[in-house]
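# Structural description and commentary
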Amino acid sequence: MPSELEKTMESLIKVFHLYADEDGDGSSLSKKELKKLMETELSSFLKSQKNPAAVEKIMKDLDQNGDGLVNFEEFVSLVVGLSIACEQLYQLHSKKPAKK
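To keep things clear, this report deals only with the structure shown in the data block. (Residues numbered from 1 in each chain as written. Predicted model: local features only at pLDDT ≥ 70, side-chain atom pairs only at ≥ 80, totals over all residues. Heavy atoms only, no water.)

## Some thoughts on the layout of surface pockets
Roughly 330 Å³ of internal volume is contained in the largest pocket. Of all the elements in the fold, those that place two or more residues in the lining of the largest pocket are α1 (4-20), α2 (31-41) and α5 (72-94). In terms of residue class, the lining of the largest pocket is built from 10 nonpolar, three polar and one charged. (1 Å grid on protein atoms, 1.4 Å probe; cavity = no way out; pocket = protein on both sides within 12 Å on 5 of 7 lines; lining within 4 Å. Points joined across faces, edges and corners; volume = space filled by probe spheres on them. Helix = DSSP H or I, 4+ residues; strand = E, 2+ residues; numbered from the N terminus. Nonpolar A, V, L, I, M, F, W, Y, C, P; charged D, E, K, R; others polar.)

Spelled out as structure tokens, the structure:
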């Protein structure tokens, strides 16, 4: 039976390919596919962004090799960055107030 982490890794791979397969490529996300993925899978994050061009900026930041597409490795860097930010918020909110 897979562990929670193994199930999470499988889910991450499946979500990537669900959107990457929309244009028939399957190995990378176009800007359109990335936008749809973020609007569907990361809607709370996207709504919190003040910049209406957030997806374009994220696409530019993720596209390390400059090919106009986001491959799985580049996509994982987005997930890692968001996970780190969420964990920092978790730590901030889980700290108990100091006793006086």
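## Notes on the pattern of salt bridges
Side-chain pairs of opposite charge can arise where the charged atoms are in close proximity. Evaluation of the coordinates by the stated rule reveals six salt bridges. Close ionic contact of Asp 61 with Lys 57 constitutes a salt bridge, the shortest N to O distance being 2.9 Å. Of this pair, Asp 61 and Lys 57 both sit in helix α4 (residues 54-62), four residues apart, which is roughly one turn of that helix. Since its relative accessible area comes to 43%, Asp 61 is described here as partly exposed. (Salt bridge = Lys/Arg side-chain N within 4 Å of Asp/Glu carboxyl O. Buried < 20%, exposed > 50% of the residue type's maximum accessible area, 1.4 Å probe, protein only.)

## Remarks on α5
With 23 residues, α5 extends 32 Å from end C-alpha to end C-alpha; this agrees with the ideal 33 Å at 1.5 Å per step. Buried residues along α5 sit in contact with α1, β1 (28-29), α2, α3 (43-48), α4 and β2 (70-71). For α5, the N-terminal cap is Asn 71; the gap from its side-chain oxygen to the backbone nitrogen of Glu 73 is 3.1 Å. (Expected span 1.5 Å × (residues − 1). Contact = heavy atoms within 4.5 Å. Polar contact = N/O pair within 3.5 Å; in protein donor to acceptor, adjacent residues only side chain to side chain.)

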